[in-house]
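Examining the three-dimensional arrangement
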Amino acid sequence: MKDIFVLIEHRRGEMRDVSVEMLCGAGKLGGTVVAVLLGKDVDAFADKAAGYADKVLYVNDAMFENYNSELYQKALSALIKEHGPGLVLMGNTAQGVDLAPALAVELGAPLVTDVTAVEMDGDKPKPTRTFYGGKLDAHLAMKDADLYILTIREATFQAEDPSKSGEIVKVDNPVSEDVAYRKFVEYVEPEVGDVDITQSTLLVGVGRGIREDKNMPVVEELAQAIGADLAASRAVVDAGWLPSDRQVGISGKTVKPKLYLAVGISGAFQHVTGMKGSEVIVAINKDPDAPIFGIADYGIVDDLFKVVPKLVEKIKELKGA
Amino acid sequence: MCAEELDFVEKYDLLGCIQCGRCTGGCPVALRTDLRVRCFMYDTQNEERLEEISEKPEIWDCTTCYTCAARCPKGLEPLEVLIGLRSLQIEEGKVQPTVRDALESIFKDGNPWGSPRAKRLDWASDLDVKVLEPEAEETTDVLLFICCTDCYDPRVMKVAQALIKVLNAAGVDYGLIGEDESCCGSEVRRLGEEGLFEMCDEENVELLNSFNVNRIVAISPHCYNTLKKEYHGLKVPVLHYTELVAELLEEGKLEIPKEIAKVVTYHDPCFLGKQNDIYDEPRYIITRIPGVEFKEFDRCRERSLCCEGGGGKMWVESESKEERLAEIRIEDAKEMGAQVVAVACPFCLLTLEDATKVKGVEEEMQVMDILELLAEAL
Amino acid sequence: MNMVVCVKRVPDTSESEVHIDASGKDIDKSRLSFGINECDNYAVEEAIQIKERLEGNVTVISLGGKDSDEVIRMALAKGGDDAIRLEDDAFAGGDALAVAKALAGAVKGLEYDIVFTGALTDDDGYAAVPVALAELLGVPHATYVKKVEILEPGKKAKVGRELEGGLMEFLEIDMPCVLGIQTGINEPRYASFKGIKQAAKKEIAVKSAADLGLDAADIGEAGSWAVLEQFTPPVVGEMAEILEGEPDETAAKLAGILKEKGLV
Ligand SMILES: Cc1cc2nc3c(=O)[nH]c(=O)nc-3n(C[C@H](O)[C@H](O)[C@H](O)COP(=O)(O)OP(=O)(O)OC[C@H]3O[C@@H](n4cnc5c(N)ncnc54)[C@H](O)[C@@H]3O)c2cc1C
Ligand code: SF4
Ligand code: SF4
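Residues numbered from 1 in each chain as written. Chains lettered and ligands numbered in written order. Predicted model: local features only at pLDDT ≥ 70, side-chain atom pairs only at ≥ 80, totals over all residues. Heavy atoms only, no water.

A word on the overall build of chain A. Along the backbone of chain A there are 9 helices and 17 strands. For chain A, the C-alpha atoms occupy an extent of roughly 65 × 40 × 40 Å along the three principal directions. Counting only residues that meet the buried cut, chain A has 56% of its 321 residues in that class. Pairs at least 24 residues apart make up 63% of the contacts formed inside chain A by residues separated by at least 6 positions. Counting every atom, chain A has about 12700 Å² of accessible surface; 46% of that belongs to carbon and sulfur. (Helix = DSSP H or I, 4+ residues; strand = E, 2+ residues; numbered from the N terminus. Buried < 20%, exposed > 50% of the residue type's maximum accessible area, 1.4 Å probe, protein only. Contact = heavy atoms within 4.5 Å. Areas by Shrake-Rupley, 256 points an atom, 1.4 Å probe, with all protein chains shown as cover.)

A word on the site of ligand 3. Residue and element names in this part refer to chain B. Around ligand 3, the surrounding shell holds 14 residues, and the nearest of these are Cys27, Cys62, Cys65, Tyr66 and Cys68. If you list the elements that add at least two residues to the shell around ligand 3, you get helix H6 (67–71) and helix H7 (78–91). Residue composition of the shell around ligand 3, grouped by class: 11 nonpolar, 3 polar and no charged. (Near = heavy atom within 4 Å. Nonpolar A, V, L, I, M, F, W, Y, C, P; charged D, E, K, R; others polar.)

Next up on the list: the interface of chain C and chain B. As a measure of interface size, the accessible area lost when the parts come together is often cited. At the junction of the two partners, chain C supplies 17 residues and chain B supplies 23 residues. Across the interface of chain C and chain B, roughly 1900 Å² is buried in total on both sides, 50% from carbon and sulfur atoms. Inspection of the chain C/chain B interface yields 4 salt bridges. Two residues, Lys194(C) and Glu194(B), come together in a salt bridge whose shortest N-O distance is 4.0 Å. Put simply, chain C and chain B have 10 residue pairs in polar contact (both at pLDDT 80 or more) between them. Of all the secondary-structure elements, those providing two or more residues to the side of chain C that touches chain B are strand S3 (34–36), helix H2 (69–77) and helix H5 (193–199) of chain C. (Buried area = accessible area lost by both parts, 1.4 Å probe. Salt bridge = Lys/Arg side-chain N within 4 Å of Asp/Glu carboxyl O. Polar contact = N/O pair within 3.5 Å; in protein donor to acceptor, adjacent residues only side chain to side chain.)

This next bit is on the interface of chain C and chain A. Across the contact, 81 residues belong to chain C and 78 residues belong to chain A. With both chains or domains summed, chain C and chain A bury close to 6600 Å², and 61% of this area falls on carbon and sulfur atoms. Its largest share of buried area at the contact with chain A, chain C owes to Glu164(C), Trp225(C) and Leu263(C), together 11% of the area lost on that side. Linking chain C with chain A are 7 salt bridges. One salt bridge in this structure joins Glu186(A) and Lys158(C), with 3.9 Å as the shortest N-O distance. Of all the secondary structure elements, the ones that give two or more residues to the side of chain C that touches chain A are helix H4 (129–137), strand S7 (141–152), strand S8 (156–162), strand S9 (168–174), strand S12 (226–232), strand S13 (241–242) and helix H6 (247–260) of chain C. Sort the elements by how many residues they give to the side of chain C that touches chain A and H6(C) lands first, with 11 residues. Looking at side-chain class alone, the side of chain C that touches chain A contains 41 nonpolar, 16 polar and 24 charged residues. In terms of strand pairing, strand S17 (residues 298–301) of chain A meets S13(C) through 2 bridges, oriented parallel. Along S13(C), the bridge assignment pairs Gly299(A) with Ile242(C). (Pairing = 2+ DSSP bridges.)

All names here are of chain B. If you check the shell around ligand 2, you find 13 residues, and the closest are Cys17, Cys20, Gly21, Cys23 and Cys72. For the shell around ligand 2, the secondary structure elements donating two or more residues are helix H3 (22–26) and helix H4 (37–43). The residue makeup of the shell around ligand 2, split by class, is 8 nonpolar, 2 polar and 3 charged.

So, about H2(C). Listed as buried for H2(C) are Asp69(C), Val71(C), Ile72(C), Met74(C), Ala75(C) and Leu76(C). Among the residues trailing H2(C), Gly79(C) stands out with phi positive, at a value near 140°.

Turning to the confidence of the model for chain A, a few remarks are in order. Averaged over every residue, the pLDDT of chain A is 92; residues scoring 70 or more account for 98%. Model confidence for chain A, summarised as mean pLDDT per element, is weakest for helix H7 (residues 269–272) of chain A at 82 and strongest for strand S1 (residues 4–7) of chain A at 98. (pLDDT = per-residue confidence, 0-100.)

Along the chain, the position of Ile59(B) falls in the loop between helix H5 (50–53) and H6. Residues in contact with Ile59(B), not counting those within four places in the same chain, are Phe40(B), Ile53(B), Ser54(B), Leu82(B), Leu85(B), Arg86(B) and Gln89(B).

All right, on to the environment of Ala191(C) then. For Ala191(C), the position within the fold is in the loop between strand S10 (177–181) and H5. Setting aside residues up to four positions removed in sequence, Ala191(C) forms contacts with Met74(C), Ala77(C), Lys78(C) and Ile196(C).

Before going further, it helps to spend a moment on the pairing of strand S14 (residues 229–232) of chain A. Relative to S14(A), strand S13 (residues 202–206) of chain A runs parallel, the two being bridged by 4 bridges. Along S14(A), the bridge assignment pairs Gly205(A) with Ala231(A).

With that settled, the discussion passes to the side chain of Asn209(B). All names here are of chain B. Here asparagine 209 is to be found in helix H12 (residues 194–209). Taking the relative accessible area as the measure of exposure, asparagine 209 reaches 19% and is therefore buried. In this structure the side chain of asparagine 209 is engaged in a polar contact, spanning 2.9 Å, whose partner is the backbone oxygen of glycine 233.

Moving on to the sheet that holds S13(A). Strand order in the open sheet formed by 6 strands is S14(A)-S13(A)-S15(A)-S16(A)-S17(A)-S13(C), with parallel pairing between adjacent strands. At either margin of the open sheet sits one strand with a lone partner, and together these are S14 of chain A together with S13 of chain C. The strands touched by helix H9 (residues 304–320) of chain A are strand S15 (259–263), strand S16 (280–285) and S17 of chain A; relative to S16(A), the strand with the most contacts, the crossing angle is about 130°. Against the sheet, H6(C) makes contact with S15, S16 and S17 of chain A, and its axis sits at roughly 165° relative to S17(A), the strand it touches most. (Axes fitted to C-alpha atoms, helices over the stretch in contact; angles between N-to-C directions.)

What follows is about the pairing of S7(C). All names here are of chain C. Note: S7 against S10, 3 bridges, orientation parallel. For histidine 141, the partnering residue across the bridge sits in S10 and is valine 178. Following S7, the chain reverses through 3 residues before pairing antiparallel with S8; glycine 154 in that reversal takes a positive phi of roughly 80°.

What follows covers helix H3 (residues 96–108) of chain C. With 13 residues, H3(C) should reach 18 Å at 1.5 Å per residue; the first-to-last C-alpha distance of 18 Å fits that figure. Counting buried residues along H3(C), 11 of its 13 residues qualify, which places the element largely inside the surrounding structure. Of the positions making up H3(C), those classed as buried are Ala96(C), Leu97(C), Ala98(C), Ala100(C), Lys101(C), Ala102(C), Leu103(C), Ala104(C), Gly105(C), Ala106(C) and Val107(C). Where H3(C) is buried, its residues meet helix H4 (94–107) of chain A together with strand S1 (2–7), strand S4 (57–63), strand S5 (82–86), strand S6 (114–118) and H4 of chain C. Put simply, Asp95(C) is the residue that caps the front of H3(C), since its side-chain oxygen is 3.1 Å from the backbone nitrogen of Leu97(C). (Expected span 1.5 Å × (residues − 1).)

Residues and elements named next belong to chain B. Domain annotation for chain B reports domain 1 (3–92), domain 2 (99–248) and domain 3 (256–376). The distance between the C-alpha centroids of domain 2 and domain 3 comes to 22 Å. Listed per partner, the contact involves 33 residues of domain 2 and 33 residues of domain 3. With both sides pooled, the region where domain 2 packs onto domain 3 buries about 2800 Å², and carbon together with sulfur makes up 72% of that total. Counting the surface domain 2 buries against domain 3, the share from its top three residues, Arg155, Glu187 and His222, is 20%. Viewed at the interface, domain 3 and domain 2 are joined by 2 salt bridges. One salt bridge connects arginine 155 with glutamate 372, and the closest N-O pair in it is separated by 2.9 Å. Scanning the region where domain 2 abuts domain 3 turns up 10 residue pairs in polar contact (both at pLDDT 80 or more). Contributions of two or more residues to the side of domain 2 that touches domain 3 are made by helix H8 (97–109), helix H9 (148–152), helix H10 (154–169), helix H11 (186–190), helix H13 (221–230) and helix H14 (241–250). When residues of the side of domain 2 that touches domain 3 are assigned to their parent elements, the largest contribution, 8 residues, is made by H10. Looking at the side of domain 2 that touches domain 3, its residues break down into 17 nonpolar, 7 polar and 9 charged. (Domains from an automatic or database assignment.)

Shown next as structure tokens:
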């Protein structure tokens, strides 16, 4: 079986989790796992990747200090041509999606994006991905080729403990010239303070179940522990416990975060309309018949004042661990 | 924009206005927002300013309750000027996202709630109901026109279910439209989306005329008003359910066996009372329920206070720190010791029920549609 | 500035149950409603807003049958100038690559500074069209774009890409280029019913694969990276999974789930 290339993704001094996940997943597909690392003085990432890979190809050049898909494409295409892997894996991330399709077109390599499971049929991958916003699994057959590219959804593979000690091979930068037509300028952090809940990836929605203004710290602590922003039902906004730009619903904002944790919200249709598109919905409500459970993925039927403080504790424990 | 569309002076007879201010004086939302409808009767006479005036946020405060028109000594309809201004904004595409989404959903799925057509009949999934076939040989007495809110809002669905229970008890020969039923467009017109309303009018009239029925009964006063007064070319008469049920009681077709020993008051929906003079039927039905002690609001019938649910207000929140009118209403009901506030409109049900929670009286006071009250007594 | 916006008409499945049809390779669309792909709607708005600021021309392109005229007209009503629809039986069954090839064929014949597409589609979710299209056209690209600032019309733009966790990556890009637009970049305007009706008077140029100089072997299923073998329903429950136990236990279970899903 031919080698598998795994592109290591890193940003601002951090190697992203999906990289290790992919290295571990690739190890199970068979073949030699080659981590490809492009960066400037990121030896620590090379060392880390070596714990999961059979080999690390490490290009250390100022050109790769920040991600630029055009430069990545040039470097990868040169490395691929030189080393001839049969499969390239990248994260289905803002970085991978900005890069993989162009590389695939350039190299004439079949690509499947946002893969959630993969099996190998010899050198040929058989990927599964979702269609219609996760409502169906699609099993795909790729065209015959010498090289395949997949972008892998985060958390598709499990990260495990390092078990290898691959050789770190420093390679000369195959790209001779910087490109002028696409230049990295800067990273800008999302604004703090002035929260736009439509942009939040994690939300704790609070409803009338919180009862009084003075109870708000209960949910504030939860939001803080998770790293989420606070959203609210109209009941809470009307009461003046949160500003109106936090209101979710037909007369408020429509939100689609990765997590919507509804605390003490009944799930009135007017509210649900604004948040039903969330990826994972969790509800904490003492009423087992509260309609919110009809659209939630997970629910706890209990008094929020009992559950939420415990939840904060547990999350802090997990995060500390 | 063409000049004829801008001719507000003629279209709304603005020169007939004597600036007496009775409209603003009676306007319920003037109590809690900056809307002063009289000023618009004057300011919009200057065509050059229309664009600028239409940018004022107050034009979206109007609930189209019709009080201003009912009070105008010159027979003018000030609310229509506000709707006209909304139209200008709609043509420019400048509307709140919530309004945009509701209108797009009506265009796409035939309801403002962003729900698929395929779920339109979910409320009746456990009921044995007849769905009418177009051009059927046999005549069905009553075609039920179920409001989108009754179809999709889980709370309001119970009202539609109660209607079925009542009609079955009275042995009425009725049928439903089913998944092809579409929004009546009442809110569409009041949000100023004239073109889309014309579509609702044309398509619904064609659909409704395709059924072999004697009459159409609407569950919501908003649908009722629109079907009856704003559609063009409907072949059969339109009734509100309170008219049908009152008729069933009068003719002895409906018996009410159980007692409801509660203090009940009734909130007149603007679209049923002020706009269609249906005041007596609802009261007749409620008072026929054994055990009911009926009490009137101080502000009742023509003077009834708007609940702020109509005129597209489901999708537009007014900037105001003042109490919602629905809350004032619940406060009044509490004072008179009402245990049930009966309504006959899905929007009133939602706004008033919400207000009982704000006021913290949801344990001792229920907001119910007359149909629910009646179904409980069957 | 000359701009092109690519739009797709897709079934709205956000709230509907999705049923696999008898072939196992498609879904039963008979009871679904259709509309413009969500990201595309933002792409249209972005192009129109730039046109309003800087003047220029917006061409709307859609690959699809006659039904797609509806979304094209909506884009025209909002301020698009002209429209092309790509229709050919040979386009059927194509994935992101095949679609990008067809779009490239249509765009090549136009003068353009920026081609806008949605970053991804609501149906297949490949998110590969903008980047593949740029490579086929031989121009630079950026996708997941949530901010566009024109530095020099026709020459240079500064764009912000949305990365994980709300972080924005800003870059400068030369025109012509392809930008894949993410939802939330703007607030799409409403297209009034009257406006759409008026837009119906504008002509939509319909082009076949042959018109674009495309070979049947290069498009549709034949020209794709992969073909769909089969749909299967994913394993998920309807109602919420209720976590049982004392607050201590339920909280621990929930924390575990959130961790496992990478949400904390
Ligand atoms: C025209 C109109 C527009 C509207 N627009 C919006 C909108 O945009 N957004 C919006 O959110 N609403 C809107 N509403 C209001 C909506 O109908 C609901 O009234 C509102 O969403 C209810 O908020 P809630 O769920 O916080 O409160 P409630 O419905 O009162 O629910 C509180 C919940 O908390 C639970 N609870 C109470 N105590 C505890 C406890 N100790 N532990 C756990 N659970 C507890 C209860 O079981 C209950 O389910 C609108 C209403 C109208 C009429
Ligand atoms: S009540 Fe009639 S006449 Fe009087 S100010 Fe209002 S619109 Fe004019
Ligand atoms: S219709 Fe009602 S809310 Fe609107 S202006 Fe007239 S009185 Fe005021």
